[in-house]
Amino acid sequence: MYKFNKKKKLLHRFLISYLLAVLLPTVILGIVLHYYQTGRQRDEFIGNRQTLLLSAGATVETRLAHAEEISRSLSSSPWLLQFLEDTPSSDRDILYQYMKNIVPLLESLQTYKSEISEIRIYTFNQRVGDLLLDFYPIDELGEKLQGSSFELDDSVTLTNGWWNLEYREGKLWPVHYRAVLDRLYAKVIAVVEIECQPRILDPLLERGEETEEIYLLQDGEQLFSLQGSGMAGQALEQLDLQVFSSPSTEVRLWSQPPYLVEKVYLDYMKVNFVFLTPSSAVWRQAFLFEYALLPMLLFFLAANLLFLPAIFKPLHNISQLAGHMRRQEAQQLTPYDGKITHDEIGDLISAFNDMVAETDLLKEAVQRSEILRKNAQLEALQAQLNPHFFYGTLENIRMIAEAHGETLIADIAVSFGSLIRYSLARTYFVPVSEEIRIAEQYLSIQDRRVGNRFSVEWTKHLENEDFLCPKFVLFTMVENVFTHCISMTREKIRIKIKILQDAGDLYLVVENNGPPVPPERVQEIMGLLNQHEKRRDFRGACNGRGIFNIHDRLQLYYGNDYGFTFYSGAEGTRCCAHLRQLTSEEKKIFIGGENRIAEGIDCR
């Protein structure tokens with residue numbers, strides 16, 4: 001009960017601390033960042049829109065300037081002045097002068113600028129206006145500009161030129177007028193009209209679909225309304241038109257009504273272009289959401305709630321692991337069977353489980369080593385019963401065989417006695433030359449027994465014949481050839497034995513061309529080399545006991561990088577034992593004390 005309440009109190013303290021130290025500051029920070037980011041992006045967006053608007057206005061102004069330049073050059077042309085002031089009396093002469101001087105002038109100007117739609121000249125000379133195609137009576141100009149502020153007697157406006165906007169065919173046509181004065185600048189003799197293509201205003205009028213309406217204002221009064229839907233017109237009524245009458249370019253966001261208002265002033269035309277766009281469409285386009293605060297708060301809350309278990313679960317796992325460790329017994333450790341997370345706490349639990357597994361392996365290894373040590377002691381005691389009885393018996397056999405002329409039996413008795421003495425010697429390591437000698441004695445016995453069944457080829461590349469190796473490594477590999485190959489076939493077996501030294505490493509290789517071991521058997525044996533617990537269920541011919549013995553001893557003495565390997569295929573079987581030089585410390589452990597190095601042994 002006490003532990004339960006204690007855990008609850010700790011949990012409450014943790015939750016309160018998490019609320020004050022993480023959740024609340026995170027939400028507040030999210031609100032501040034939202035308003036800061038929204039304001040910054042709004043300012044950046046408005047600045048970008050204003051820059052684009054200024055660029056479009058400057059492009060249109062440049063095109064208007066080109067049109068005024070054409071108007072100015074035409075109104076001051078000496079050919080036109082001469083034609084209007086000194087008009088010939090006959091129609092034929094008028095047409096001649098017109099074709100000779102005026103037509104090339106008009107064609108050159110209209111070809112030079114593709115923005116020009118048409119050039120007209122309104123003249124006071126009624127005969128010229130009625131007779132020529134590009135000339136019109138001055139009365140038609142008055143009707144065309146009816147209701148405008150343009151006056152023929154306004155010499156300043158006429159001299160400097162004047163722009164008018166005409167709306168027809170669903171398009172805006174910019175038209176520029178400039179007076180043609182006589183040579184004394186005393187009176188107006190004609191007015192030049194330059195009608196531009198509607199595309200000259202495209203940089204301003206080509207807007208996205210989100211723009212609901214475009215207005216043209218002059219002196220605070222509405223001139224035209226384009227692309228209108230009605231809704232924007234109601235919004236414009238709520239705004240003060242005088243705000244848009246100033247000669248400037250600006251972009252504003254209005255909350256009531258919710259519209260983005262963009263205004264650009266064209267100085268040439270003295271006209272303000274006003275564009276009304278719903279704020280919602282603008283925010284969607286710019287990825288800004290005015291009402292995104294609530295979703296952001298919900299996101300921060302959800303993120304914190306999802307983050308809470310990431311902190312609480314590791315603390316819970318630590319508590320569970322601590323309780324599991326307190327319940328352990330000194331004699332038997334058990335691994336933690338709870339959930340292992342992918343973090344440092346999970347690494348701690350995995351390390352504990354690995355420690356338990358390694359402890360169990362060490363206990364098993366210690367127990368196995370103890371059993372092996374006891375067995376070795378028993379074998380040593382048995383070997384000490386009276387080995388001289390065996391040696392004496394073999395010597396008697398040798399003497400009797402020699403007395404009866406049985407030299408073969410005598411030689412076998414000598415070799416067998418040498419093997420007995422070698423096997424009973426109380427040592428683990430011998431010079432490799434001694435291991436080679438005992439293998440040669442074994443081969444001599446087999447040669448006398450089945451000499452016509454095999455041949456032996458030795459290859460020795462030894463830098464040091466005193467290189468130490470464990471007993472019966474090479475001997476067991478040679479013996480396996482006779483146990484599993486020669487007894488299985490009537491064919492003659494070629495045996496190749498290689499002793500190869502590479503600096504501090506030694507390779508003992510035995511090859512034969514006898515019947516191969518089945519591939520699945522080879523795979524089984526190689527798979528069991530490092531799986532001791534599965535060997536007890538391994539049965540059948542070629543059960544690998546000698547191989548396992550060699551591999552275990554080599555790894556015990558030299559480590560996991562050394563051991564035994566073998567291959568068997570259509571060309572025969574190849575076995576290899578890989579070992580190395582012992583260090584001085586290892587020599588003290590394995591050879592020091594009672595374990596002297598075996599020397600040459602002879603039965604005679």
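Scroll up to find the structure.
Everything numeric in this text was worked out from a predicted model, so none of it was measured.

The next subject is the packing of helix 15 (residues 473–484) against helix 17 (residues 545–558). Put simply, helix 15 and helix 17 touch, their axes get as near as 10 Å, and they point 160° apart. When the axes of helix 15 and helix 17 are compared, the pair comes out roughly antiparallel. You can see that helix 15 and helix 17 cross each other, and the crossing is left-handed. Across the interface between the two elements, Val473, Thr476 and Met477 of helix 15 pack against Gly546, Ile550 and Arg553 of helix 17. Classifying every residue of the contact of helix 15 with helix 17 by side-chain character gives 3 nonpolar, 2 polar and 1 charged.

Quick look at the sheet that holds strand 5 (residues 188–196) now. The mixed open sheet is built from 5 strands, whose spatial order is 2-1-5-4-3. At either margin of the open sheet sits one strand with a lone partner, and together these are strand 2 (135–137) and strand 3 (162–168). Here the strands of the sheet are splayed against their neighbours by 30° on average, with no regard to which way each runs. Examined bridge by bridge, strand 4 (residues 171–181) and strand 5 share 7 bridges and lie antiparallel to one another. Paired with Val180 across the bridge in strand 5 is Ala190. Of the strands in this sheet, strand 1 (116–123), strand 2, strand 4 and strand 5 touch helix 2 (residues 78–85), which is tilted by about 130° from strand 5.

Taken as a whole and assessed by the stated rule, the structure comprises 18 salt bridges. The salt bridge involving Lys498 is made with Glu511; its shortest N-O contact spans 3.8 Å. Here Glu511 lies in strand 15 (residues 505–512) and Lys498 lies in strand 14 (residues 493–502), a separation of 13 residues in the sequence. A residue is classified by how much of its surface remains accessible, and Lys498, at 26% relative accessible area, is partly exposed. Relative accessible area serves as the criterion here: at 17%, Glu511 is assigned to the buried category. Of the charged contacts in the structure, one is a salt bridge between Glu524 and Arg521, with a shortest N-O distance of 3.6 Å. Note that Glu524 and Arg521 are positioned in helix 16 (residues 519–528) at a spacing of 3 residues, about one turn of the helix. One connected set of salt bridges, linked through shared partners, spans Glu118, Arg120, Glu166, Arg168, Glu193 and Glu195.

Parameters at a glance
Residues numbered from 1 in each chain as written. Predicted model: local features only at pLDDT ≥ 70, side-chain atom pairs only at ≥ 80, totals over all residues. Heavy atoms only, no water. Axes fitted to C-alpha atoms, helices over the stretch in contact; angles between N-to-C directions. Helix = DSSP H or I, 4+ residues; strand = E, 2+ residues; numbered from the N terminus. Parallel < 35°, antiparallel > 145°, perpendicular 65-115°, else oblique. Left-handed = near helix turned anticlockwise from the far one by under 90°. Contact = heavy atoms within 4.5 Å. Nonpolar A, V, L, I, M, F, W, Y, C, P; charged D, E, K, R; others polar. Pairing = 2+ DSSP bridges. Salt bridge = Lys/Arg side-chain N within 4 Å of Asp/Glu carboxyl O. Buried < 20%, exposed > 50% of the residue type's maximum accessible area, 1.4 Å probe, protein only.

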